[in-house]
Amino acid sequence: MPDVRERVEELRREGEAAIAAASDVAALEELRVGYLGRKAELTAILRGIAELPADQRGPVGSAGNEARRALEQVLEARRVELEAGELERRLRADAVDVTLPGLPPAPVGSRNLLLRTMREVEDVFVGLGYRIMEGPEVELDYYNFTALNHPPGHAARMAQDTFYVDPESLDPELRLEPAPTEPGEGAPGPALPPGPEDVVLRTHTSPMQVRAMEASEPPILIVVPGRCYRSDPFDATHSPIFHQVEGLAVAESITLADLKGTLDEFARAIFGPERKTRFRPGFFPFTEPSVEVDVSCFRCGGSGELPDGSRDPLCKGIGWIEILGSGMVDPNVYGFVSDRGYDPERVQGFAFGMGIERIAMLKHGVPDLRKFYDNDVRVLGQFR
Ligand code: DAH
């Protein structure tokens with residue numbers, strides 16, 4: 001018959017070792033059931049004491065009880081240890097380090113080059129004291145043409161064919177009405193309600209010249225960025241939708257020299273500090289005199305030649321690149337806002353208008369205007 005007391009000692013050693021090695025609370029509970037539970041060997045031994053030979057009952061009984069107590073103690077000690085460790089681990093796993101940067105850095109897009117260019121142009125003029133104004137893309141013929149000195153039937157309207165909008169389809173909120181003005185000697189305003197040929201998608205941002213002058217008396221210095229429309233093809237240099245920035249400066253003492261200085265400043269800011277501008281005679285119905293404005297070529301520096309002696313293809317060997325149209329505001333335009341204090345005997349000013357697609361293409365060497373609208377990420381990604 002095996003020595004029961006020795007078996008008790010064995011169970012105790014085995015149990016203590018197993019408990020010390022238990023890796024979590026669940027394993028510990030299994031060990032408790034295995035060594036001290038109702039069906040455990042040690043429990044059976046203690047329960048069977050009475051059947052042992054008389055001389056063994058005392059030693060086995062006390063060894064068994066001691067083993068039981070010892071195992072209970074180490075179980076409890078290990079349980080405390082494991083529970084503390086688990087809490088620690090959970091705290092560490094759940095910890096949020098509020099000092100870490102946001103994760104993961106989400107891929108961010110970039111502004112389309114057109115918008116970026118428009119903002120750059122705006123910034124130049126804001127730096128010169130201009131205010132930014134925007135106007136409606138669905139515009140009255142009156143502002144788009146008539147009040148800009150293109151009366152109905154004027155030949156210059158043909159160069160700016162556009163899209164007509166059914167006035168019945170307009171949201172009354174669109175506020176196509178002119179800003180309220182005091183009744184004065186100004187020319188009669190737009191025909192209201194507009195007839196079938198009176199509402200257009202604006203062909204330029206110039207209509208805001210008249211709207212802005214209706215809204216505030218001189219002096220006025222504004223730039224107007226925005227989208228324009230023409231019944232044009234969609235090819236490398238044309239698009240039925242395009243963007244312009246218009247400028248208007250009217251005050252008592254503004255001269256053509258101010259226009260030159262302003263556009264010089266603009267050309268230097270956008271195309272580089274060495275740039276110059278030159279004026280060539282031009283024609284626009286709403287400016288008199290009108291000028292076409294060129295910037296000295298930023299590729300060849302104005303010589304028309306590349307370093308290897310070949311003709312500069314950017315300026316076609318001329319050394320100058322056309323960038324915008326401009327001129328002194330025609331007195332006839334003031335006639336439409338004379339009741340707002342725009343008396344051509346007292347104030348004068350200049351206006352200019354540029355195509356943003358053209359500026360961006362020139363500045364960044366974009367060969368085809370359609371690239372701005374393709375949403376090709378390989379193009380967009382180059383201009384971050
Ligand atoms: N609105 C003209 C166009 O779209 C550009 C322009 C020319 C604007 C001369 C002006 C200006 O303000 O003075 O072709």
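Below, the structure is looked at part by part. Worth saying up front: this structure is predicted, and the values here are computed from it rather than measured.

## With respect to the packing of aromatic side chains
Scanning all chains against the criterion turns up 10 aromatic pairs. Ring centres of Phe125 and Tyr130 lie 5.3 Å apart, and the angle between their planes is 75°; this geometry places the pair in the edge-to-face category. Like Phe125, the residue Tyr130 is buried in the burial classification. If you follow Arg211 out to its NZ or CZ, it ends over the ring of Tyr143, 4.1 Å from the centre. Here the basic side chain of Lys260 rests over the ring of Phe279, its NZ or CZ set 5.7 Å away from the ring centre.

## Quick notes on helix α8 (residues 256-271)
The end-to-end C-alpha distance of α8, which contains 16 residues, comes to 22 Å, matching closely the 22 Å that a straight helix rising 1.5 Å per residue would cover. Leu259, Thr262, Leu263, Asp264, Phe266, Ala267, Ile270 and Phe271 are the residues of α8 that are buried. Of the surrounding elements, those touching the buried residues of α8 are α5 (113-127), β6 (277-284), β7 (287-296), β8 (320-329), β9 (348-355) and α10 (356-364). Where α8 begins, one side-chain oxygen reaches toward the backbone nitrogen of Ala257, 3.1 Å away; that side chain belongs to Thr255. Looking one or two places after α8, you find Gly272, whose phi comes out positive at around 125°.

## Side note on empty space enclosed by the protein
In the structure shown here, the tally under the stated rule is 1 cavity of 30 Å³ or more. Empty space within the largest cavity amounts to approximately 60 Å³. When its residues are assigned to classes, the lining of the largest cavity shows 5 nonpolar, 1 polar and 2 charged.

## Overview of the site of the ligand
As a matter of local geometry, the ligand sits amid 16 residues, with His204, Ser206, Arg230, Gln244 and Glu246 nearest to it. His204 places a side-chain nitrogen or oxygen 2.9 Å from a nitrogen atom of the ligand. Its free accessible area being 360 Å², the ligand has 92% of it covered by the protein chains. Of all the elements in the fold, those that place two or more residues in the shell around the ligand are β5 (241-251), β8 and β9. For the shell around the ligand, the class distribution of residues is 4 nonpolar, 10 polar and 2 charged.

## Focus: the packing of helix α1 (residues 4-21) against helix α2 (residues 25-36)
At a minimum axis separation of 10 Å, α1 and α2 run at an interaxial angle of 170°. Taken as axis vectors, α1 and α2 run roughly antiparallel relative to one another. Where α1 approaches α2, its residues Leu11, Glu14, Gly15, Ala18 and Ile19 are matched on the opposing element by Leu28, Leu31 and Tyr35. Residue classes in the contact of α1 with α2 are distributed as 6 nonpolar, 1 polar and 1 charged.

Parameters and conventions
- Within each chain, residues carry numbers counting from 1 in the order of the written sequence.
- Reporting in this predicted model follows two pLDDT cut-offs: at least 70 for local features of residues, and 80 or more for side-chain atom pairs to be given and counted; totals over whole chains, interfaces and linings ignore these cut-offs and use all residues.
- With hydrogens and water stripped out, all remaining heavy atoms of the structure feed into the side-chain values.
- To pair, rings of Phe, Tyr and Trp, with the six-membered ring standing in for Trp, must have centres within 6.5 Å; the planes then decide the type, stacked if under 30 degrees apart, edge-to-face if over 60, and tilted in the middle.
- When accessible area is computed with a 1.4 Å probe and restricted to protein chains, residues below 20% of their type maximum are described as buried, those above 50% as exposed, and intermediate ones as partly exposed.
- Two conditions define a charge located above a ring, namely a distance within 6 Å from the ring centre to NZ of Lys or CZ of Arg, and an angle within 35 degrees of the ring normal.
- Numbering of helices and strands starts at the N terminus; helices are DSSP runs of H or I of at least 4 residues and strands are runs of E of at least 2.
- Between the first and last residue of a helix there are one fewer steps than residues, each counted as 1.5 Å, and that sum is the expected span.
- Two residues form a contact once any of their heavy atoms are found within 4.5 Å.
- By the criterion applied in these results, polar contacts are pairs of N or O atoms within 3.5 Å in which, for protein atoms, one can donate a hydrogen and the other can accept it, and in which residues neighboring in sequence qualify only through two side-chain atoms.
- In the cavity and pocket records, a cavity denotes points on a 1 Å grid over the protein atoms alone where a 1.4 Å probe fits but cannot get out, a pocket denotes an open set with protein on both sides within 12 Å along at least 5 of 7 lines, and lining residues are residues with an atom within 4 Å of a point.
- Grid points are joined across faces, edges and corners, and a volume is the space filled by probe spheres set on the points.
- Only Asp, Glu, Lys and Arg are considered charged in this grouping, and only Ala, Val, Leu, Ile, Met, Phe, Trp, Tyr, Cys and Pro are considered nonpolar; every other residue, Gly among them, is considered polar.
- Nearness is defined per residue: one heavy atom within 4 Å of the molecule or strand is enough.
- Areas reported as accessible are Shrake-Rupley estimates using a 1.4 Å probe. Residue values count occlusion only from the protein chains shown.
- Whenever a helix is involved, its axis is fitted only over the stretch in contact; in every case the axis is a line through C-alpha atoms, and angles between N-to-C directions fall within 0 to 180 degrees.
- In these notes the angle categories are as follows: under 35 degrees is roughly parallel, over 145 is roughly antiparallel, 65 to 115 is roughly perpendicular, and the rest is oblique.

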